[in-house]
Amino acid sequence: MIKVGIIGATGYAGAELVRLLKQHPEAEIVWYGSRSYVDERYSKVFGNMFKIVDEKCLDDHMTELSKEADVIFTATPQGFLASAISEEILQNAKIIDLSADFRIKDVSVYEKWYGIEHKAPQYIDEAVYGLCEINRKDIAGARLIANPGCYTTCSILTAYPLVKEGVIDPDTLIIDAKSGTSGAGRGAKTANLYCEVNESIKAYGVASHRHTPEIEEQLGYAAGRPLVLSFTPHLVPMHRGILVTEYASLKKDISYEEMKKIYEKYYGSEKFIRLLDEGSCPETRWVKGSNYVDINFKIDTRTNRVIMMGAIDNLVKGAAGQAVQNMNILFGLEECTGLDLVPMFP
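Remember, it's a predicted structure, so these values are computed and weren't measured experimentally. (Residues numbered from 1 in each chain as written. Predicted model: local features only at pLDDT ≥ 70, side-chain atom pairs only at ≥ 80, totals over all residues. Heavy atoms only, no water.)

1. Some remarks on the nonpolar core
Ranked by size, the top nonpolar core spans 43 residues in total, and within it Leu17, Leu21, Tyr42, Phe73 and Met327 carry the most contacts. Ranked by the residues each element gives to this core, the list is headed by helix α12 (residues 316-330), at eight residues. Apart from the residues lying within four places of it in its own chain, the contact partners of Tyr42 are Ala9, Thr10, Gly14, Ala15, Val18, Tyr32, Met49, Val53, Glu55, Lys56 and Cys57. Grouped together as the second largest cluster of nonpolar side chains are 41 residues, Leu131, Cys150, Ile254 and Tyr266 included. (Core = buried A, V, L, I, M, F, W, Y, C linked by side-chain atoms within 4.5 Å. Buried < 20%, exposed > 50% of the residue type's maximum accessible area, 1.4 Å probe, protein only. Helix = DSSP H or I, 4+ residues; strand = E, 2+ residues; numbered from the N terminus. Contact = heavy atoms within 4.5 Å.)

Here's what the structure looks like:
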């Protein structure tokens, strides 16, 4: 059994990790870390775990945890892992970090967009960006995995094949993204109260959202050069889900069949990427509670652009599910182990 520790187990992503790992046949959770609920029973914080998790929450002492666990998930705010990581910890256990601390390779870019000093830049080059469908070979031998963000996972996977194959002009790429409120975390914020969110939709982080450089960096690797793109997120009144609609100019004439073959080249054998039938648009309700990414596209011959669409559950494929998928790769398991989750509806 893989011994697992979770720091930040009482946030939304941490709770989703607990839900998934309690059903994982090869994993045992040995540490429910939560600075806010030390010594409180986990099931008191999350009633859905009553009679399922009897353990109490522990602190966030990473060094001690690393001596008990084979892998540590850190579902924590930006800056936590960078301030806590050490060579001793990495020698004892592998780390899968759900924050942005090690996603961006240029430390100055990270510090500019996140507004904090990076405390462990010496580990940035070693960290592997854990987008499983693209980087699984590098993931397999890593000690430190930077689990991608939810917006970034959906945005990158939806456009990646067309950027990689040079079908679109990536400098014209515009990403319109919409997320459920769980993407903002479990902390108390006025802007996320029911009365503030319900029956409304709003853009936020316009021209300034901190997932922008992460998307630019990863799609830049696909394009073979640095990219600058437009990314605008929106908050919608639902618990879970991300829907992205992406627009880009075509560099050449291409038929539906030719473009579908490009997507099938990259994703045709992928367990968790579902390429939808022609004319079918991804919907968040059809991926809810699962690790699937639903993708489709529409060629607009009138404007010489392609419209790409993708949908995920932000807490599963956008966070905890992808983290478990990374763990499976790290420990040589089938990637779908513990993740054969049928989407929930309604």
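There's plenty left to go through after this.
2. Here's the deal with the sheet that holds strand β1 (residues 2-7)
With parallel pairing, the six strands of this open sheet are ordered in space as β2-β1-β3-β4-β6-β5. Of all the strands in the sheet, the pair left with one neighbour each is β2 (27-33) and β5 (128-129). Of the pairings in the sheet, the one linking β1 to β2 comprises six bridges and is parallel in character. From the neighbouring strand, Lys3 faces β2, where its bridge partner is Glu28. Running at roughly 155° to strand β4 (residues 94-97), α12 makes contact with β1, β2, β3 (71-74), β4 and β6 (144-146) of the sheet. (Pairing = 2+ DSSP bridges. Axes fitted to C-alpha atoms, helices over the stretch in contact; angles between N-to-C directions.)

3. A look at the packing of aromatic side chains
If you walk through the whole model with that rule in mind, you get 10 aromatic pairs. An angle of 45° between the planes, with centres 5.5 Å apart, marks the rings of Tyr42 and Phe46 as tilted. Taking relative accessible area as the criterion, Phe46 reaches 13% and is therefore assigned buried. Look at Tyr263 and Phe297: their rings are 5.4 Å apart centre to centre, the planes differ by 5°, and that puts the pair in the stacked class. Taken together, the residues span a long stretch of sequence, with Tyr263 in helix α11 (residues 256-267) and Phe297 in strand β12 (residues 293-300) at a distance of 34 residues. One exposure class covers both Tyr263 and Phe297, and it is buried. Three or more aromatic residues link up through ring pairs in this structure, and these residues are Tyr256, Tyr263, Tyr267 and Phe297. The ring of Tyr292 carries the charged tip of Arg274 above its face, separated from the ring centre by 4.3 Å. (Phe/Tyr/Trp six-rings, centres within 6.5 Å; stacked < 30°, edge-to-face > 60°. Lys NZ or Arg CZ within 6 Å of the ring centre and 35° of its normal.)

4. As for helix α7 (residues 132-140)
Within α7, the full set of buried residues consists of Cys132, Glu133, Asn135 and Ile139. For α7, the arc enclosing every buried residue in end-on projection is 140°, short of the 170-degree limit, so these residues lie on one face. Away from the buried face of α7 by more than 90 degrees, exposed residues Lys137 and Asp138 are located. Looking at the buried residues of α7, the elements they touch are β5, β6, α8 (150-164), α10 (212-223), β11 (273-275) and α12. (Arc of directions from axis to C-beta.)

5. A closer look at the sheet that holds strand β10 (residues 242-249)
As summarised here, the arrangement of the seven strands in space is β8-β9-β7-β10-β13-β12-β11, forming an open sheet in which the pairing is mixed. Two strands bound the open sheet, and with one partner strand each, they are β8 (202-203) and β11. When β10 meets strand β13 (residues 305-312), the two strands line up antiparallel, connected through eight bridges. Note that in β13 the partner of Leu243 across the bridge is Ala311.

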